[in-house]
Structure formats: C-alpha cells, structure tokens
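Spelled out from the first residue to the last, the chains are:
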Amino acid sequence: MQSERLIGEEVEMKDNIDEFLNAYIDGELTQRQQIEIQRLIKHDEQVAKRLNRLQKSKMLVASLPRLDAPAGMVDRIMTALETKAILEHQPAIVNPHAGAAYLFARKLVTAAAMITLMAILAVVVYTILAPNSETPTIATNGTATVALATEDFYGRLELTTANLAASNAVLARAIESQGLENSVEAQTVNGQNTYNLTCSRAGAKALIARLSGIWKNLDAATLVLQTDTFAKDVAVNTVTAEQIAQIIDKDTLNERIDVANELAAANKLAKLMPNENMLPGMPNHTIIPTLVMPVLTGDNASPTKVAAPAKPGERVNLTIILRTP
Amino acid sequence: MNEAASIRIDDAVLVQRCRKGDSEATERLILRYQNRVYNIIYRMCGNADDAAELTQDTFVKVIENIDRFAGNSTFYTWVFRIAVNLTLNFCQRRSKVAYHSIDVEQHDQNWQATALLKKFLSNETSPDPALVAQNHELLRLLQETLAELDEPHRAVIVLRDIEQMTYEQIAKVLNLQMGTVKSRLNRARCNLRDLLEKRLK
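What counts and how
Residues numbered from 1 in each chain as written. Chains lettered and ligands numbered in written order. Predicted model: local features only at pLDDT ≥ 70, side-chain atom pairs only at ≥ 80, totals over all residues. Helix = DSSP H or I, 4+ residues; strand = E, 2+ residues; numbered from the N terminus. Buried ≥ 20, exposed ≤ 12 C-beta atoms within 10 Å, placed from the backbone. Contact = placed C-beta atoms within 7 Å. Core = buried A, V, L, I, M, F, W, Y, C linked by C-beta atoms within 7 Å. Domains from an automatic or database assignment. Pairing = 2+ DSSP bridges. Axes fitted to C-alpha atoms, helices over the stretch in contact; angles between N-to-C directions. Nonpolar A, V, L, I, M, F, W, Y, C, P; charged D, E, K, R; others polar. Parallel < 35°, antiparallel > 145°, perpendicular 65-115°, else oblique. Left-handed = near helix turned anticlockwise from the far one by under 90°. pLDDT = per-residue confidence, 0-100.

Caption draft 1: Molecular detail of the overall build of chain A. Of regular secondary structure, chain A possesses nine helices and eight strands. In chain A, buried positions account for 24% of the 325 residues. For chain A, the share of sequence-separated contacts (at least 6 apart) that also reach a separation of at least 24 residues comes to 69%.

Next comes the structure, spelled out in structure tokens:
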C-alpha cells in the first residue's frame, strides 16, 4: 500500500518535472525557475535524459516544413465572400408567411367561386323547374295547363264608308259606352278620322262587337297587322268584326298572322264567289269566339264596361281610321 | 516586442478599414495570415485539399464576423481560434484522418526513415534537426504519427511547436487555463514520443 502510494507520488512528481522541463525548453519559466531547473539538470542525470527526450520531440515536430497556402487563396476567399453576399441578399424564394397568406387567399377565392357556381346552378334549375308567375296560363282540358307568352297587339283597322258622320257617331258612342274615352286619342286629318286605341284585349273586343252594326254601311274594311319581324304588314281585306275579334284573341303575333292569312285567303275566295258578300261563310266558325256584347237592362242602365287596365302582353294597340271612299 | 506591437497596430488599422468594406485591406489581412493558417490546419488535418477548404472557410468566417471582433485579444489570436475550432470540428466529424497508404515501393525509404528516426531519438546522439528536415519520408512518417494523436493534443502541439505560440496565446486560442495548456502540452509530447518509439519497434 505504501509502495503504491510512493509510485503514484513518483509519477505525479515526474509529470510535474516534465511540465517544468517542457516550460523550460519553451522558455515559459521565470528566471528563478530556470536557474532551479538548470541546477536540477546538472545534478540529476535522469532529469537531463528526460530533458533531452523532450527537446528531441519538440525539434522533430518543429522540423516539419512550413507550407504555404495554395496559389489564388485570396481570390477563392473573395469569390466565396461575394457568392455568399449575393445569395444572402437575394429574396427568399419561399416565404412561409406569404405562402400561408397566399394559400388562405386561394382557399377564399375557391370558396367564392364554388358559391357563385352553386348560385348560378340554382338559378338555372329554378328557372327551368319553378313556375313563372308572370306567364299566363290557359286551361286546355280542365286539368293540364300550358304556359303562353302573350304579346301586345299592334294593328290598324281601315274602314271606308260613304256615311262618315253616322259611322263616326256610332264609333264615338261605342267608345263612350265601353268607358274607353281615356284610352282613345281621336283626330281628324284631311277628312279622315283617326282613333288611336290602347286598351285591354277584352275592351277592344267589346268595342269591335259594338261596332258590328256599322259594318253594313261600310264600303271596305281592312285590318292591317303591324309586324316587326316580317318585311311587310299583313292585311286582311273585307274583314268582319268577328274576324277582327278572332285575330285579337290570339296571344302571339305568329298566331295572329296565321289566322290573318287564313282569313285573308278565305275572304278573297269569298269575293270570287257568285254571291259576294261582306260576311263570307267562315270555314271554321267554331273557332270564332263569342263577342262580348253589352246587355241592356233598362233605360237608365248603362252597358257593362269591360274595359280594364291593360296588362303587359294583353294590350291592344289599334288605330281605327274612318274615311270616305 | 516593438515589432509585435507594430503588427498589432497595423492589424487594427486593417481591421477598421475592412469593417468599412475596404477590399484591399481585406486582401492584405488574408495575405498576411493565409500561409500560417493553412500550415497549422494542414498539420492538424493532414490533407492539403481539406486544409485549403478549411483555410477558405476560416477567412470567410473571419471577414463575415469582423464586426464582432471586440479587440479583447489580438486579431492574430482571434483568427487562429476560428481556424483551430473549424479544424477540430472537422476532424471530429471525420472518423479517421485519411493518409496516403505506404505502398511496397516505399518500403526502402520507410526503412531508411525509421533508421534515421531511431538514431535521432537515441540518447547517445545529440539532436540534429537539419537531418530530419532533409528526409521527406521521415517527415511524412512524423506527420502520420502526429495525426495519431487525439485532436486536443495535436492542436496544442501544433500551436506550440509549429506555430511557436506562447502558452498564453495557446490558452486564448483554445480557451483553456494556463495550467491546462502546460499539462496538455506535456501529455501531448509524451504521447507523441511513445507513438514514435512504437513505430521504431
């Protein structure tokens, strides 16, 4: 035990001496320490040997030649510095915050686009499937209904008569009796009287029915359908009051034109027949609607006024011209 | 002492100019220390390419961080601290220092180098460093032996015996106490001696 302690102390002492010897050869000792070491070396052969070993080790390492840096090292360093500076001053390709904001914006735009598309689709589906309240429907067989797009009527009724004054009086009375005074603008130009009538379909039909009495005094009666689609207007010569009502009763311009052409052809054919008559036998009398006639209930009773405010699509714009032959 | 003081002042001026973006001052600082930095890095890592790369990295780091140099130590010490730290980290990452293997043709030269080393280390002869410096094979053998030391011992022995730093400078570069420097240097030299003698056997 004691011998082990002695060996340990000896090693520690040797290490300490070595440290001093290293410091001695490195010139790191004070002058007093150097004198002490020199004295120790002179009197202790082992210490001198250790010093020699340490000196040789130091000299051996120190004998390694100094190496110079490779040529162009400065350029390499400066280039590396410039490259790093350029890379550091370049804006970041990916900004995580900007990316998140961009992603959020994209999600918002996508959601808005989806909502818009759904809305458009809903409108389209609703337009197709939902009933249109503004479109009138007429009963066809009591159960089913068919939607029709009605159009305003535009036409001109030209009546030629030798008895202009009487016909004017009848017409004026008819207008008054139907309560259409406010719907008619009357003017007299060059001996012909013009009545611009704008009223409901029922009102127009009632007025025409009231005028049927003057038809026997007429020399000619022509109904001209004003069209925008066709190149020229469609005229029905020797037209009767019933025919006028029949044409007005149609909802669309095409239907009116079809009927007008049919009636014009029938009237022309009737005129060619031996017993020419202003009231030709209609080929299809069943389709002539019943005219709304005023009902007289007494001396003081006024006829039923069927004129009502005209709705869009049911408006009749009829110009009645009374002239002499 | 006067020379050292003038170098330090000169360094301080160059550092100031370098901080202001003077590329000429930067180049002068690099030129002043590049060889010494390269040399100690090479002796520590043992490979020329790695040493060049590490030297470049050292100066890039020095220039980039020159504003942080507070002047508490000399610029020289600061540069070497960066160089040694980079090299020690590099050596630690690398599992083994790569050296050229000794091929068969070199056996004769190796034998001569070993004989010369044996003669040099023997107690009967007085040291003659000139003989060692002339024998390239012995130098290579010495470099290999140096590389066998662990990094802390290799660093302290390179800084002292090759770079000729004082103990105080070594302490600053390696961030050690003076006593640690002394004991570590002693242990490093003893280990190197043991490794060399092992080669002779």
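Caption draft 2: Layout of the overall build of chain B. When helices and strands are counted, chain B shows ten helices and zero strands. The buried share among the 201 residues of chain B stands at 37%. Long-range contacts, defined here as pairs at least 24 residues apart, represent 65% of the contacts in chain B between residues at least 6 apart.

Caption draft 3: Structural view of the nonpolar core. Residue and element names in this part refer to chain B. Within the largest apolar cluster, 58 residues are counted, with the highest numbers of intra-cluster contacts made by Ile 41, Val 79 and Val 156. Counting only domains with at least three residues in this core, you end up with domain 1 (2-93) and domain 2 (105-200). Setting aside chain neighbours within four positions, we find Val 156 in contact with Ile 170, Leu 174, Val 181, Arg 184, Leu 185 and Ala 188.

Caption draft 4: Region of interest: the sheet that holds strand S6 (residues 218-225) of chain A. Residue and element names in this part refer to chain A. The mixed open sheet is built from six strands, whose spatial order is S4-S5-S8-S3-S6-S7. Here the strands that pair on one side only, and so sit at the sheet edges, are strand S4 (184-189) and strand S7 (234-236). In this sheet, adjacent strand axes meet at a mean angle of 15° when their direction is disregarded. Here S4 runs beside strand S5 (residues 192-200); their pairing, made up of six bridges, is antiparallel.

Caption draft 5: A look at the pairing of S4(A). Little of S4(A) is tucked away, with zero of its six residues classed as buried. Connecting S4(A) to the next strand, S5(A), in antiparallel fashion are two residues, including A:Asn190 with a positive phi near 50°.

Caption draft 6: Broad picture of the interface of chain A and chain B. Chain A puts 34 residues into the contact, and the matching count from chain B is 38 residues. Of all the secondary structure elements, the ones that give two or more residues to the side of chain A that touches chain B are helix H1 (2-25), helix H3 (45-62) and helix H4 (73-89) of chain A. Residue contributions to the side of chain A that touches chain B peak at twelve residues, all from H3(A). Here the side of chain A that touches chain B is built from residues that sort into 16 nonpolar, five polar and 13 charged.

Caption draft 7: Local environment of the packing of helix H2 (residues 23-45) of chain B against helix H3 (residues 48-64) of chain B. Residues and elements named next belong to chain B. Orientation of H2 relative to H3, taken along the N-to-C sense of each, is 140°, at an axis distance of 8 Å. Our classification of the angle between H2 and H3 gives oblique. Handedness of the crossing formed by H2 with H3: right-handed. Here Thr 26, Ile 30, Gln 34, Val 37, Tyr 38, Ile 41, Tyr 42 and Cys 45 of H2 come into contact with H3, specifically with Ala 48, Asp 50, Ala 51, Ala 52, Leu 54, Thr 55, Thr 58, Phe 59 and Ile 63. Classifying every residue of the contact of H2 with H3 by side-chain character gives twelve nonpolar, four polar and one charged.

Caption draft 8: Highlighting the pairing of S6(A). Residues and elements named next belong to chain A. Here seven bridges tie strand S3 (residues 153-161) to S6, and the two strands are oriented antiparallel to one another. In the sheet register, Leu 157 faces S6, and the bridge partner there is Leu 223. Strand direction decides the pairing type here: S6 and S7, joined by three bridges, are antiparallel. Residue pairing across strands places Leu 225 opposite Val 234, the latter belonging to S7.

Caption draft 9: Highlighting the confidence of the model for chain B. Residues and elements named next belong to chain B. Summary statistics for chain B give a mean pLDDT of 82 and a share of 82% for residues scoring 70 or more. The low-confidence segment residues 1-6, where pLDDT is below 50, has zero contacts with residues more than four positions distant or belonging to other chains. Throughout residues 97-107 the model reports pLDDT below 50, and contacts reaching past four residues in sequence, or to other chains, amount to nine contacts. Overall fold confidence (pTM) sits at 0.52, and the ipTM for the predicted complex is 0.81.

Caption draft 10: Just the packing of H2(B) against helix H8 (residues 151-162) of chain B, in detail. Residue and element names in this part refer to chain B. Taken N-terminus to C-terminus, the directions of H2 and H8 make an angle of 140°; their axes are 10 Å apart at the nearest point. One finds that H2 runs oblique with respect to H8. In the packing of H2 onto H8, the handedness of the crossing is right-handed. Across from Asn 39, Ile 40, Arg 43 and Met 44 in H2, the residues of H8 making contact are Arg 154, Ala 155, Val 158, Leu 159 and Ile 162. Looking at the contact of H2 with H8, its residues break down into six nonpolar, one polar and two charged.

Caption draft 11: Spatial organisation of the confidence of the model for chain A. Residue and element names in this part refer to chain A. Looking at chain A as a whole, its pLDDT mean stands at 76, while 73% of the residues score no less than 70. For chain A, strand S1 (residues 137-139) is the element with the lowest average pLDDT, namely 44, and helix H2 (residues 31-43) is the one with the highest, namely 90. Scored below 50 in pLDDT, residues 134-147 shows twelve contacts in the model against residues more than four places distant or in partner chains. Across residues 276-303 the pLDDT falls below 50, and counting only partners more than four positions away or on other chains, this stretch makes 37 contacts in the model.

Caption draft 12: Unusual backbone geometry, seen in detail. All names here are of chain B. The backbone of Gln 164 sits at a positive phi, close to 60°, despite the residue not being glycine. Among the secondary structure elements, Gln 164 is positioned in the loop between H8 and helix H9 (167-174). Given 11 C-beta atoms within a 10 Å radius, Gln 164 is considered exposed. The residue Asn 175 is not glycine, and still its phi comes out positive at about 55°. Mapped onto the elements of the fold, Asn 175 is located in the loop between H9 and helix H10 (178-200).

Caption draft 13: The arrangement of H9(B) in detail. Buried residues dominate H9(B), accounting for six of its eight residues. If you follow the buried residues of H9(B), they end up packed against helix H4 (75-93), H8 and H10 of chain B.

Caption draft 14: Inspection of the environment of B:Leu195 at higher detail. All names here are of chain B. Mapped onto the fold, Leu 195 is located in helix H10. Here Leu 195 falls in the partly exposed class, since 15 other C-beta atoms lie within 10 Å of it. Counting along the chain gives 47 residues from Leu 195 to Glu 148, while the straight-line C-alpha distance between them is 7.9 Å. Residue contacts for Leu 195: discarding those within four places in its chain leaves Thr 145 and Glu 148.

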